[in-house]
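Notes for the structure review
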Amino acid sequence: MEGKGLEVFEVGPCEDAYHMGFLTGQRFSNKIRSRLATDLTLRDQLLPFVRSPQSQPLIKALSDTNRKKFPRYWAELVGIAEGSGVPLLHIILLNFRKEILPFVPKTSTKPSEDTIDDCSDILVVSDSMAFAAHNEDANVALVGHTYLIKGTLHTGLSFTAYTYAGELPSCAFGFNSHGLAFTLNSAPPTEDEIVAGGIGRNFISRDLLEATSIDDALAAMEDSNTVALLHVKRIHSSEVSVGHSYNLVDVKKRRILNVETASRNRVSIHEVGAVPFFHANMYLHLHVEQADENSISKQKRAALLPKKSKDDSLSLVGDMEDARYPIYITGPLLYTLCTAVINLDEQTLSIVEGNPKEGETSHVFSMT
């Protein structure tokens with residue numbers, strides 16, 4: 001189903017990663033330029049910071065580390081910049097905004113628009129149902145500045161990824177032809193937990209789009225008390241700068257794993273079962289120092305709501321009862337751009353535009 005507003009671009013196989021990025025940048029040049037022109041975080045924080053001498057070691061470390069670890073994805077990023085005709089530095093700032101913003105000097109007590117937490121999921125795998133419902137929450141600058149990339153590689157693997165204009169696919173959600181999908185939740189730690197110049201989360205999630213199965217993402221498992229700590233091949237092998245929460249979905253094996261990561265190679269996993277699992281923007285099983293009133297409020301609200309059916313769960317991610325910290329967000333700084341619903345039994349990913357309580361399904365993709 002073709003959506004009314006969310007454009008789909010099919011690209012590949014291409015001669016190389018740079019060419020795939022170039023074609024994407026060229027196709028969405030107007031959207032990328034429009035985002036750059038309206039992104040207040042870029043204008044008021046990132047660009048002034050990058051002009052200062054103290055920013056140069058950080059930008060160089062991020063660029064060098066990620067180019068060395070993921071040369072193909074770095075070439076794709078360069079292709080996006082050159083295809084869209086915008087400065088490479090601006091594309092770098094968009095893709096590393098979460099890794100850079102903690103180091104931008106604070107000029108006021110008001111939180112940055114891009115440091116406010118975003119995204120939430122309800123996950124369940126029981127005998128009667130298995131699905132993930134994900135709210136994609138983002139800065140107001142992303143409203144109207146997203147698209148879907150359907151990429152095909154020379155290996156035969158293909159992926160579909162909800163993509164922010166100017167960024168690598170995907171810092172949001174996606175799936176590939178092996179039946180592996182993921183959604184992401186921000187999990188911001190305190191400043192003491194952040195490591196400068198590490199691997200960027202956009203590069204890790206781009207790599208996940210090429211995982212062949214959940215076993216490809218998970219190299220080994222070992223139990224530690226009641227929490228299973230995983231060496232995650234595509235996640236744990238990267239020395240991340242800032243932590244994140246990954247919801248890995250394998251429709252063929254009917255499994256959902258929530259993987260929480262933090263700097264210094266810390267990883268923890270929770271396997272989702274029959275008890276519905278709600279995850280917003282705080283660590284739930286990895287012991288990391290954090291303080292997040294927003295997510296605490298969302299967790300408490302979610303605990304009160306029924307979760308016996310898929311409709312219950314869609315009502316949960318559409319809940320706006322808490323005016324200060326609603327689960328479904330309509331501004332002024334953050335917006336829920338869409339809701340993605342992954343049905344493991346039907347092996348589909350659906351995108352709902354508007355509140356999932358009554359919104360329209362704009363796209364339905366088969367995942368096999």
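A quick note: this is a predicted structure, and the numbers were derived from the prediction, not measured.

1. What to know about the pattern of salt bridges
The tally for this structure, following the rule as stated, stands at 17 salt bridges. In this structure, the salt-bridge partner of Arg 255 is Glu 271, at a minimum N-O distance of 3.0 Å. You can see Arg 255 sitting in strand E11 (residues 255-262) and its partner Glu 271 sitting in strand E12 (residues 266-271), a full 16 residues away along the chain.

2. A word on the packing of helix H5 (residues 71-84) against helix H8 (residues 201-208)
Across the interface, H5 lies against H8 with an axial gap of 10 Å and an inter-helix angle of 110°. Of the possible angle classes, the one that applies to H5 and H8 is roughly perpendicular. The residues of H8 that touch H5, namely those facing Tyr 73, Trp 74, Glu 76 and Leu 77, are Phe 203, Arg 206 and Asp 207. Partitioning the contact of H5 with H8 into residue classes produces 4 nonpolar, no polar and 3 charged.

3. Concerning the nonpolar core
Ranked by size, the top nonpolar core spans 57 residues in total, and within it Ile 32 and Ile 100 carry the most contacts. Ignoring anything within four residues of it in the chain, the contact list for Ile 32 reads Gly 25, Ile 80, Ser 84, Val 86, Ile 91, Tyr 147, Ala 165 and Gly 166. Core analysis: the second largest hydrophobic core is formed by 29 residues, Ala 130, Ala 138, Phe 173 and Phe 277 among them.

4. A closer look at the environment of Pro 57
Structurally, Pro 57 is set in helix H4 (residues 56-69). In this structure Pro 57 comes out as exposed when scored by relative accessible area, which is 55%. Along the primary structure Pro 57 and Gly 197 are separated by 140 residues, whereas in three dimensions their C-alpha atoms are 8.5 Å apart.

5. Here we look at the packing of aromatic side chains
Counted under the stated rule, the structure contains 9 aromatic pairs. Considering the side-chain rings of Trp 74 and Phe 203, the 6.2 Å spacing of their centres and the 20° angle between planes classify their relative orientation as stacked. Of this pair, Trp 74 sits in helix H5 while Phe 203 sits in helix H8, and the two are 129 residues apart along the sequence. Plain terms: the ring middles of Phe 96 and Phe 203 are 5.5 Å apart, the flat faces sit at 10° to each other, and that makes the pair stacked.

6. With respect to the sheet that holds strand E14 (residues 334-343)
In space, the 6 strands of this open sheet follow the order E13-E2-E3-E14-E15-E16, with antiparallel pairing throughout. What marks the edges here is a single partner per strand, and that holds for strand E13 (277-279) and strand E16 (360-366). Averaged over all pairs of adjacent strands, the angle between strand axes in this sheet comes to 20°, irrespective of strand direction. Sheet topology note: the strand E3 (residues 130-139)/E14 ladder contains 9 bridges and is antiparallel. Residue pairing in the sheet places Asn 139 in a bridge with Leu 334 of E14.

Parameters at a glance
Along each chain, the written sequence defines residue order, and numbers are assigned to residues from 1. Local features in this predicted model are restricted to residues whose pLDDT is 70 or higher, and side-chain atom pairs enter the listing and the counts only when it is 80 or higher, whereas totals over whole chains, interfaces and linings include all residues. Excluded from the side-chain calculations are hydrogens and water; all other atoms, namely the structure's heavy atoms, are used. Salt-bridge detection follows one rule: a side-chain nitrogen of Lys or Arg within 4 Å of a carboxyl oxygen of Asp or Glu. Helical segments are the DSSP runs of H or I of at least four residues, strand segments are the runs of E of at least two, and each set is numbered from the N terminus. Only the stretch in contact is used when fitting a helix axis, every axis being a line fitted to C-alpha atoms; angles between N-to-C directions are given from 0 to 180 degrees. Roughly parallel means an angle under 35 degrees; roughly antiparallel means over 145; roughly perpendicular covers 65 to 115; every other angle is labelled oblique. Here, two residues are considered to be in contact whenever any of their heavy atoms come within 4.5 Å of each other. Polar here means any residue outside two lists: the nonpolar Ala, Val, Leu, Ile, Met, Phe, Trp, Tyr, Cys and Pro, and the charged Asp, Glu, Lys and Arg; Gly therefore counts as polar. Working definition of a nonpolar core: buried Ala, Val, Leu, Ile, Met, Phe, Trp, Tyr and Cys residues. They are joined through side-chain atoms within 4.5 Å. Burial classes: relative accessible area under 20% of the type maximum marks a residue as buried, over 50% as exposed, and values in between as partly exposed (1.4 Å probe, protein chains only). Each Phe, Tyr or Trp ring (for Trp, its six-membered ring) is paired with any other whose centre lies within 6.5 Å, and the angle between the two planes then decides the class: stacked below 30 degrees, edge-to-face above 60, tilted in between. Note: two strands are recorded as paired if DSSP finds a minimum of 2 bridges between them.

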